[in-house]
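The lines below spell out each chain.
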Amino acid sequence: MSRSARVIWDDELISYDFGPGHPLAPVRVELTMALARELGVLDKVEVAGCAPATDAELAMVHDPGYVEVVKRVSASGRPDLGAGLGTVDNPAFKGVHEASALIAGASLAAARTVWEGAAEHAVNVAGGLHHAMSATASGFCVYNDPALAIAWLLEQGAGRIAYVDVDVHHGDGVQAAFYDDPRVLTISLHESPRTLFPGTGFPQETGAEGSAVNVALPAGCGDAGWLRAFHAVVPPLLREFAPEILVTQHGCDSHALDPLANLMLSLDGQRSAYAALHRLAHETAGGRWVATGGGGYELVRVVPRAWTHLIAELAGHPVDPGAPTPPEWRRFVRERTGETPPLTMTDGRDAEFSDISGGYDPADPIDRAIMATRQAVFPLHGLDPMP
């Protein structure tokens, strides 16, 4: 499907580092790029650099006073708890502004690439920091790069942008940035806020004219339940909304091995979602697709494989899930982390699901979650909530 794809990358992107023991370890992105390189995936795309977001660009989403606070923390390394920096989730560190602004700049470069037609698809795997709010850091996120990409696209004249977030956590910062803006449709599929941070993302949070869509899934839903929910909600809304550009966040912390969450997907289920979003980008947005990484805290066995599949999907050359991981990459993993690397690009799952069009079961928690979302938001888009 793809005509061209661009990966935004700079080696300095791994400087976004909250220190030893923090779950968001930059080695996960380093291992992703190494795996994509060794598998030949990067040979199928253009790899381009980026510049840090400017203060004016950051001000599209963030309060200028907050940016100044981040800069002060960046210079001194001293916490500022009022800005959310110096907490367990968001430790203060010298250089935090520069590292965060570069990630934001990479997602802006991806948005610019697609808007200007330099490539049909673009991805920043180091991005996806969707919890940052206008004036505070939150949930490992300092600057909200997906929201900045969307805001920049709106400033260029985009009239309709759809954002789909498949991270296990609710995309609260992006939703907050555009909650009252009918030009932006935000869709988040996440573990129920009753059991997981940030405690938001209930179906009743519908924004302006149904601009916010939340699918709150029960813990343990697995591939079949998650994919059933995705296909029951996302395609109908994207088809009706008809965005000019699709922006997606691909946190892979929905995986069964992730230490911070409980949705229990496989790599194969995640790969199926990437392929579905690729198809929907072409069907509903003229092929214009901006993608980011996101959460993901199983640093060796999950994140590198998941996002290598994502890059390959954007390139239009999916990796055979049965392909072995390259021996050189396995050696690098052992040297870099001391851990045992995965041997293949699959978890060995079929990732099958049954479509809700065949009927729903009101006793099933997955179907109850689906119907809660459809009943809350489908009528606002002129859609029938019933399957």
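Residues numbered from 1 in each chain as written. Predicted model: local features only at pLDDT ≥ 70, side-chain atom pairs only at ≥ 80, totals over all residues. Heavy atoms only, no water.

**Q** Give a detailed account of helix α3 (residues 64–76), specifying residues and quantitative values.
**A** End to end, α3 covers 19 Å across 13 residues, agreeing with the expected 18 Å (1.5 Å per residue, within 8%). Here α3 has its buried residues at Tyr66, Val67, Val69, Val70, Val73 and Ser74. End-on view of α3: buried residues confined to an arc of 160 degrees, all on one side of the axis. Exposed and oriented more than 90 degrees from the buried face of α3 are Pro64, Arg72 and Ala75. The backbone nitrogen of Gly65 lies 2.7 Å from a side-chain oxygen of the residue at the head of α3, namely Asp63. Looking one or two residues past α3, Gly77 carries a phi angle of roughly 80 degrees, positive in sign. (Helix = DSSP H or I, 4+ residues; strand = E, 2+ residues; numbered from the N terminus. Expected span 1.5 Å × (residues − 1). Buried < 20%, exposed > 50% of the residue type's maximum accessible area, 1.4 Å probe, protein only. Arc of directions from axis to C-beta. Polar contact = N/O pair within 3.5 Å; in protein donor to acceptor, adjacent residues only side chain to side chain.)

**Q** Before we move on, can you summarise unusual backbone geometry with the specific residues and values?
**A** Residue Phe197 is joined to Pro198 through a cis peptide bond whose omega torsion reads 5 degrees. A positive phi angle is found at Met264, which is not glycine, with a value near 70 degrees. Here Met264 shows up in the loop between β7 (245–249) and α8 (267–285). Overall, Met264 belongs to the partly exposed group, its relative accessible area being 40%. Although it is not a glycine, Ala351 sits at a positive phi angle of roughly 55 degrees. Position of Ala351 among the secondary structure elements: in the loop between α10 (327–337) and α11 (365–377).

**Q** Which residues make up the side chain of Glu205, and what are the values?
**A** Note on placement: Glu205 falls in the loop between β5 (184–191) and β6 (212–217). Buried and unpaired, Glu205 has no salt bridge, with Arg194 as the nearest side chain of opposite charge at 9.8 Å. Among the polar contacts listed, one links the side chain of Glu205 to the side chain of Gln175, at a separation of 2.9 Å. For Glu205, the contacting residues outside a window of four places in its chain are His170, Gln175, Tyr179, Thr200, Ala212, Val213 and Asn214. (Lys, Arg positive; Asp, Glu negative; His and termini not counted. Salt bridge = Lys/Arg side-chain N within 4 Å of Asp/Glu carboxyl O. Contact = heavy atoms within 4.5 Å.)

**Q** Before we move on, can you summarise the sheet that holds β5 with the specific residues and values?
**A** The 8 strands are arranged β2-β1-β3-β8-β7-β4-β5-β6 in an open sheet whose pairing can be described as parallel. Two strands bound the open sheet, and with one partner strand each, they are β2 (46–48) and β6. Between one strand and the next, the sheet's axes are offset by a mean angle of 15 degrees, whatever the strand orientation. Of the pairings in the sheet, the one linking β5 to β6 comprises 6 bridges and is parallel in character. Bridge pairing in β6 links His190 to Ala216. (Pairing = 2+ DSSP bridges. Axes fitted to C-alpha atoms, helices over the stretch in contact; angles between N-to-C directions.)

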